[in-house]
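Below are the chains, spelled out letter by letter.
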Amino acid sequence: MTPAAGPAAHIQGMETLTQLGIVPGDVKKILIAGDWHGDTPWMRQVLTCAARDGYTAIVHVGDLKVLWPDEFYPDFAVHGGFTASFVALLEELGMVFIFADGNHDAHPALRALRANPDGFGIISDRLLYAPRGHRWSLGGVRFGALGGAYSIDRSRGTEGWDWFLEETVIPEDVEALGTAPLDVLITHDVPAGIDLDLGPMEVPEAIERESYIVRSLLRDAVRATVPKLVFSGHWHQRRTGLMPGMETRVHVLNMNGRAGNLVSLDLATLAVEEYKPI
């Protein structure tokens, strides 16, 4: 992604978005969302309900699936599709949407985005990509993003369409995040140390090892930044737990269309409540 100018891009406070009136200066609560997988009806349902209930900002943990290859980036607005509908509805409702990348995201397109002065990749003024290692402040809360995950189903897909080489977290991503304390860390995969329910899923040993490498790197990032909260997705289940030996609580969010896909975060107290878009 084209970098923002100057060293301050690493710890921006969304000043530009606030000055432009895109992000309210007095925002008190936001929604955190799990995987959406380019689901247009779910996107429309969530945004409409959130706006009705007074939310002006949503942060997403990845697998949003905007700018997918079949949307003909950068001319997505001409061809229509999920991204074009998304951008139009955000503008109509006056909401801002910030997302990290997952494994099922169009990594080449995201990394080619122009960065705004606050360090976000710009799809529109209101649809913003938080690259790995990016930090920002919203309502006085220090956020960081460390997206990416290993596609455990990549054997059934095509590289460059269903999955991308850039999808996995690497040590340089953790280094980019740094060690300064955070309040909230947004990841796509779940840090190692949090138990998951794999149910009947059979993951080959070699793929499980690759996946665990990513999860171990995320654990290292949590240990380095000591956030109060981590929000993750990827495994399509709703779970929560404490990182071993830490007071950091991890919230794993479910996928689109399922209970547990969304939570409300109070920016003053960091209290988390389930949110149902009904």
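Predicted, not measured: the structure shown is a model, and the values here were computed from it.

### Digging into the nonpolar core
- Core analysis: the largest hydrophobic core is formed by 33 residues, its most contacted members being Trp36, Leu47, Val66, Phe86, Phe97 and Leu127.
- Taken together, the elements giving at least two residues each to this core come down to strand S2 (29-33), helix H2 (40-52), helix H4 (82-93), strand S4 (96-99), helix H5 (107-111) and strand S6 (127-129).
- If you tally residues by element for this core, the top one is H2, at 6 residues.
- The residues touching tryptophan 36, leaving out its near neighbours within four places in the chain, are Trp42, Met43, Val46, Leu47, His60, Asp63, Leu64, Phe86, Phe97, Asn256, Asn261 and Leu262.
- Residues Ile32, Ala57, Ile186 and Leu229 belong to the second largest nonpolar core, which totals 30 residues.

### Notes on the pairing of strand S12 (residues 249-252)
- Bridge count for strand S10 (residues 229-232) against S12 is 4 bridges, and the pairing is parallel. Each bridged residue has a counterpart across the sheet, and for serine 232 the counterpart in S12 is valine 252.
- Sheet topology places strand S11 (residues 239-242) next to S12; 4 bridges connect them, and they run antiparallel. The residue bridging threonine 240 from the neighbouring strand is histidine 251, located in S12.

### Some thoughts on the side chain of aspartate 183
- Topologically, aspartate 183 is positioned in the loop between helix H6 (171-177) and strand S9 (184-187).
- For aspartate 183, a relative accessible area of 8% corresponds to the buried category.
- Beyond its immediate stretch of four places on either side in the chain, aspartate 183 contacts Gly140, Val141, Arg142, Pro227, Lys228, Leu229 and Leu270.

### Brief notes about the sheet that holds S2
- The strand order across the open sheet formed by 7 strands is S5-S6-S4-S3-S2-S13-S14, and the pairing between neighbours is mixed. Edge positions in the open sheet fall to strand S5 (121-122) and strand S14 (272-274), since each of these has one partner strand only.
- Both S4 and S6 contribute to a ladder of 3 bridges, which runs parallel. Bridge assignment links phenylalanine 99 to a residue of S6, and that residue is tyrosine 129.

Conventions and cut-offs
Residues numbered from 1 in each chain as written. Predicted model: local features only at pLDDT ≥ 70, side-chain atom pairs only at ≥ 80, totals over all residues. Heavy atoms only, no water. Core = buried A, V, L, I, M, F, W, Y, C linked by side-chain atoms within 4.5 Å. Buried < 20%, exposed > 50% of the residue type's maximum accessible area, 1.4 Å probe, protein only. Helix = DSSP H or I, 4+ residues; strand = E, 2+ residues; numbered from the N terminus. Contact = heavy atoms within 4.5 Å. Pairing = 2+ DSSP bridges.

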